[in-house]
Amino acid sequence: MPETLSEAREQGFRTDIVSFVRRSGRLNARQQRAWDDHADQFVLDVPRAVARTSVDPAHVLDVAATFGRTAPLVVEVGSGLGEAVVNAAESTPGRDFLAVEVYTPGLAQTVLRAAQRGLTNLRLVQANAAEVLTTTLPEGSVDELWIFFPDPWHKARHHKRRLVTPELARLAARVVRPGGTWRLATDWAEYADQMLEVVGADPSFENVHGVGAVAPRFEGRVLTSFENKGRAAGRVITDLEFRRV
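Calculation rules
Residues numbered from 1 in each chain as written. Predicted model: local features only at pLDDT ≥ 70, side-chain atom pairs only at ≥ 80, totals over all residues. Heavy atoms only, no water. Pairing = 2+ DSSP bridges. Helix = DSSP H or I, 4+ residues; strand = E, 2+ residues; numbered from the N terminus. Axes fitted to C-alpha atoms, helices over the stretch in contact; angles between N-to-C directions. Contact = heavy atoms within 4.5 Å. Expected span 1.5 Å × (residues − 1). Buried < 20%, exposed > 50% of the residue type's maximum accessible area, 1.4 Å probe, protein only. Salt bridge = Lys/Arg side-chain N within 4 Å of Asp/Glu carboxyl O. UniProt positions renumbered as here; feature names shortened; annotations may be inferred. Polar contact = N/O pair within 3.5 Å; in protein donor to acceptor, adjacent residues only side chain to side chain. Phe/Tyr/Trp six-rings, centres within 6.5 Å; stacked < 30°, edge-to-face > 60°. Lys NZ or Arg CZ within 6 Å of the ring centre and 35° of its normal.

1. So, the sheet that holds strand S7 (residues 238-244)
No. 1: With respect to topology, seven strands assemble into an open sheet ordered S3-S2-S1-S4-S5-S7-S6, the strand pairing being mixed. Edge positions in the open sheet fall to strand S3 (122-126) and strand S6 (205-207), since each of these has one partner strand only. Within the sheet, the average angular offset between the axes of one strand and its neighbour, ignoring direction, is 20 degrees.
No. 2: One ladder, built from six bridges, connects strand S5 (residues 176-186) with S7; its direction is antiparallel. What sits directly across from Arg183, in S7, is Glu241.
No. 3: Those strands touched by helix H8 (residues 189-200) are S5, S6 and S7, and its axis lies near 10 degrees from that of S7.

2. Comments concerning helix H5 (residues 104-117)
No. 1: Helix length check: H5 (14 residues) gives 20 Å between terminal C-alpha atoms against 20 Å at 1.5 Å per residue, within 8%.
No. 2: Buried residues dominate H5, accounting for eleven of its 14 residues.
No. 3: If you check which residues of H5 are buried, you get Thr104, Pro105, Gly106, Leu107, Ala108, Gln109, Thr110, Val111, Leu112, Arg113 and Ala114.
No. 4: Residues of H5 that are buried make contact with helix H2 (29-42), helix H4 (83-91), strand S2 (96-101) and S3.
No. 5: Downstream of H5 by one or two residues, Gly118 has phi in the positive range, about 65 degrees.

3. Some points on the pattern of salt bridges
No. 1: Under the criterion given, the structure shown has 15 salt bridges.
No. 2: A salt bridge links Asp143 to Arg95, with the shortest nitrogen-to-oxygen separation between them at 3.2 Å. Linking Asp143 in strand S4 (residues 142-148) with Arg95 in the loop between H4 and S2, this pair joins segments that are 48 residues apart in sequence.
No. 3: Taking relative accessible area as the criterion, Asp143 reaches 10% and is therefore assigned buried.
No. 4: Take Arg95: its relative accessible area is 24%, and that puts it in the partly exposed class.
No. 5: With a shortest N-O distance of 2.8 Å, Arg170 and Glu167 are connected by a salt bridge. With Arg170 and Glu167 both in helix H7 (residues 166-175), this residue pair falls three residues apart, about one helical turn.
No. 6: Its relative accessible area of 39% is what places Glu167 among the partly exposed residues.
No. 7: Here the residues in one salt-bridge network are Arg95, Asp143, Glu144, Arg177, Arg183 and Glu241, joined through shared partners.

4. Focus: the UniProt feature "binding site: substrate" (unreviewed entry) in the protein chain
No. 1: Within the UniProt annotation, "binding site: substrate" (unreviewed entry) is assigned to Lys155, Asp187, Thr224, Ser225, Phe226 and Glu227.
No. 2: Summarising the element assignment, Asp187 is placed in the loop between S5 and H8.
No. 3: There is a polar contact of 3.0 Å between the side chain of Asp187 and the side chain of Arg235.
No. 4: Here Phe226 lies in helix H9 (residues 225-232).
No. 5: When residues no more than four places from it in sequence are discounted, the contact partners of Phe226 are Phe149 and Asp187.

5. Examining the packing of aromatic side chains
No. 1: According to the stated counting rule, one finds six aromatic pairs in the structure shown.
No. 2: Arranged with centres 5.7 Å apart and planes meeting at 50 degrees, the rings of Phe149 and Phe226 form a pair that is tilted. Linking Phe149 in the loop between S4 and H7 with Phe226 in helix H9, this pair joins segments that are 77 residues apart in sequence.
No. 3: Put simply, the rings of Phe97, Trp146, Phe148 and Phe218 pair up and form one aromatic cluster.
No. 4: A cation over a ring is seen here: Arg162 above Tyr191, with NZ or CZ 4.4 Å from the ring centre.
No. 5: The aromatic ring of Phe218 is capped on one face by Arg183, whose charged end is 4.0 Å from the ring centroid.

Listed below in structure tokens is the structure:
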């Protein structure tokens, strides 16, 4: 094992803190068939750097070539099983959608849903979101950025793993076009407060509904199984909406 950060980098180990942990990549039979039959159509083949969910920093996505047209781009970070992004892609065909997810079963389920609906305006990338926002996406290329129900890492000692941080806000400001929108949602009240504080403090964004205010539920987000579980557990869903200034 490497003994220093420099040795870790040289040997291909990731040295930054990420907001996810590795989970089983086992697919069920339907997911495996969908992956075998349709992954080439939906999942982007990006060059890797130090890990299987990394992206070579020299790689910049040609958005127009990827979708075969020029249209508003919506990026969902942490797309899970694809319920929200697939529904949105189907209901708004005039927009293009990029789903960023690290877990293979989630990607495979999204591929299955997209193939069943014959979508042409959805692509997926298996990658660490911070790297996608840092170098993969061109500056100002995103019309809307979505982060719905990121892992709350509710124990205090794990808060450093939370996705929404001042650094992420700076990366979001890089890719969201002026006038574009950053939407967030969580079912953890304390995390919602942190999101409000973090994004509200970034001068590149303004709260659409006023300083410190929450947004009404985003109608473009289908009610997912995950959100239903949060509601069943008695947790209040908080939506936030910020505009890139």
